[in-house]
Amino acid sequence: ELKKHHDRLEEVVLERTAALTILNDQLKQEIAERKLAEEKLQQSYVKLQKNLDEIVHAMSLTAEERDPYTAGHQKRTAELAVALSGEMGLSEHQIKGIQMAGLIHDMGKISIPAEILSKPCELNEVEIQLVRRHPQTAYEILQKIDFPWPVDLIVLQHHEKMDCSGYPQGLAGEDILLEARILCVADVVESIESHRPYRPGLGLDKALEEISDNRGILYDQDVVDACLRLFEEKGFQYQ
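Okay, so let's go over this structure.

What counts, and where the lines are drawn
- Residues numbered from 1 in each chain as written.
- Predicted model: local features only at pLDDT ≥ 70, side-chain atom pairs only at ≥ 80, totals over all residues.
- Heavy atoms only, no water.
- Helix = DSSP H or I, 4+ residues; strand = E, 2+ residues; numbered from the N terminus.
- Rg over C-alpha atoms; globule rule 2.2 N^0.38 Å.
- Buried < 20%, exposed > 50% of the residue type's maximum accessible area, 1.4 Å probe, protein only.
- Contact = heavy atoms within 4.5 Å.
- Areas by Shrake-Rupley, 256 points an atom, 1.4 Å probe, with all protein chains shown as cover.
- Lys, Arg positive; Asp, Glu negative; His and termini not counted.
- Charge placed at Lys NZ, Arg CZ, Asp CG, Glu CD.
- Expected span 1.5 Å × (residues − 1).
- Salt bridge = Lys/Arg side-chain N within 4 Å of Asp/Glu carboxyl O.
- Axes fitted to C-alpha atoms, helices over the stretch in contact; angles between N-to-C directions.
- Left-handed = near helix turned anticlockwise from the far one by under 90°.
- Nonpolar A, V, L, I, M, F, W, Y, C, P; charged D, E, K, R; others polar.
- Phe/Tyr/Trp six-rings, centres within 6.5 Å; stacked < 30°, edge-to-face > 60°.

Comments concerning the overall build of the protein
Okay, step 1: When you go through the protein residue by residue, the secondary structure sums to 10 helices and zero strands.
Okay, step 2: Relative to a compact globule of 239 residues, whose C-alpha radius of gyration would be 18 Å, the protein shows 28 Å and is clearly more extended.
Okay, step 3: Considering only C-alpha atoms, the protein reaches an extent of 110 × 35 × 35 Å along its principal axes.
Okay, step 4: Counting over 239 residues, the protein shows a buried share of 40%.
Okay, step 5: Within the protein, counting contacts between residues at least 6 apart in sequence, those at least 24 apart form 62% of the total.
Okay, step 6: Total accessible area on the protein stands at roughly 14,000 Å², and carbon and sulfur atoms take up 54% of it.
Okay, step 7: When the 27 basic and 43 acidic side-chain charges of the protein are each reduced to a single mean position, those positions are 5 Å apart.

Okay, here's the thing in structure tokens:
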């Protein structure tokens, strides 16, 4: 009886071993297939990212061709916005979205007559209202593109102010996306520093004075603090 049980146990062990061997082979095959699928997915993601980068670059160039006086403004604003985002500890995903939005935040200006964009004196009220349409125009274009970030909303809101005095929607406080609040400060600083058709560049000190004086009023106080640290403590410079 013992020998019979022993022989039966050996048969069961052999059967289980054979079954486990088959399962192991199947698992190896599944792992190999999954790894291949992940590699293909990663390749697709990289290709998609490259295509999006190229689309955004083309849009940026289009806007700058329309308004040569702000050539480089979008790039520098995006660069500062990315640095601010890193200083504030945002995720890589958020930072990439801010970079994309920064590179095309003024693309809505393609709808503004060139003579207004290059006017060598202050704009009248009608012209100002035309210029203030550019975030909405950009939004209407960008919402048709399936970005993995809220690029359309960031661009739409980058002229909103904390006290609801901005445009085009008159949003206030945390109703404004954090990414848009960051882009707003970067845009203001770069714009004040740089030359415009109606005035020479006012310099970095004037730009930092503007955001400091309006910290928590027009501009998010955390973003302003990060910007001051970047320039005053860490010596940030545009590339």
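Moving on from the model shown.
Thoughts on helix H8 (residues 178-193)
Okay, step 1: With 16 residues, H8 extends 23 Å from end C-alpha to end C-alpha; this agrees with the ideal 22 Å at 1.5 Å per step.
Okay, step 2: By the criterion of burial, H8 is predominantly enclosed, with 14 of the 16 residues buried.

Side note on unusual backbone geometry
Okay, step 1: Pro168 follows Tyr167 through a cis peptide bond whose omega is 10°.
Okay, step 2: With respect to the element layout, Pro168 can be found in the loop between helix H7 (151-157) and H8.
Okay, step 3: For Cys164, which is not glycine, the phi torsion reads 70° and is therefore positive.
Okay, step 4: Looking at the secondary structure, you find Cys164 in the loop between H7 and H8.
Okay, step 5: Relative accessible area serves as the criterion here: at 43%, Cys164 is assigned to the partly exposed category.

Some thoughts on the pattern of salt bridges
Okay, step 1: The final tally for this structure, using the stated rule, is 14 salt bridges.
Okay, step 2: A salt bridge links Glu1 to Lys4, with the shortest nitrogen-to-oxygen separation between them at 4.0 Å. Comparing Glu1 with Lys4, the two get one shared label, exposed.
Okay, step 3: With a closest N to O distance of 2.6 Å, Arg181 and Asp220 form a salt bridge.

Side note on the packing of H8 against helix H9 (residues 204-213)
Okay, step 1: Close contact between H8 and H9 brings their axes to 8 Å; oriented N to C, the two are set at 145°. For the pair H8 and H9, the sense of crossing is right-handed. Seen from H8, the contacting residues are Val185, Val188, Val189, Ile192 and Glu193; seen from H9, they are Leu204, Lys206, Ala207, Glu210 and Ile211.
Okay, step 2: Of the residues in the contact of H8 with H9, the class split is seven nonpolar, no polar and three charged.

A closer look at the packing of aromatic side chains
Okay, step 1: Tallied over the full model, the rule gives three aromatic pairs.
Okay, step 2: Where Phe147 meets Trp149, the ring centres are 6.5 Å apart and the plane angle is 35°; that geometry is what we call tilted. Grouping residues by exposure puts Phe147 and Trp149 together as buried.
Okay, step 3: Considering the side-chain rings of Phe236 and Tyr238, the 5.3 Å spacing of their centres and the 80° angle between planes classify their relative orientation as edge-to-face.

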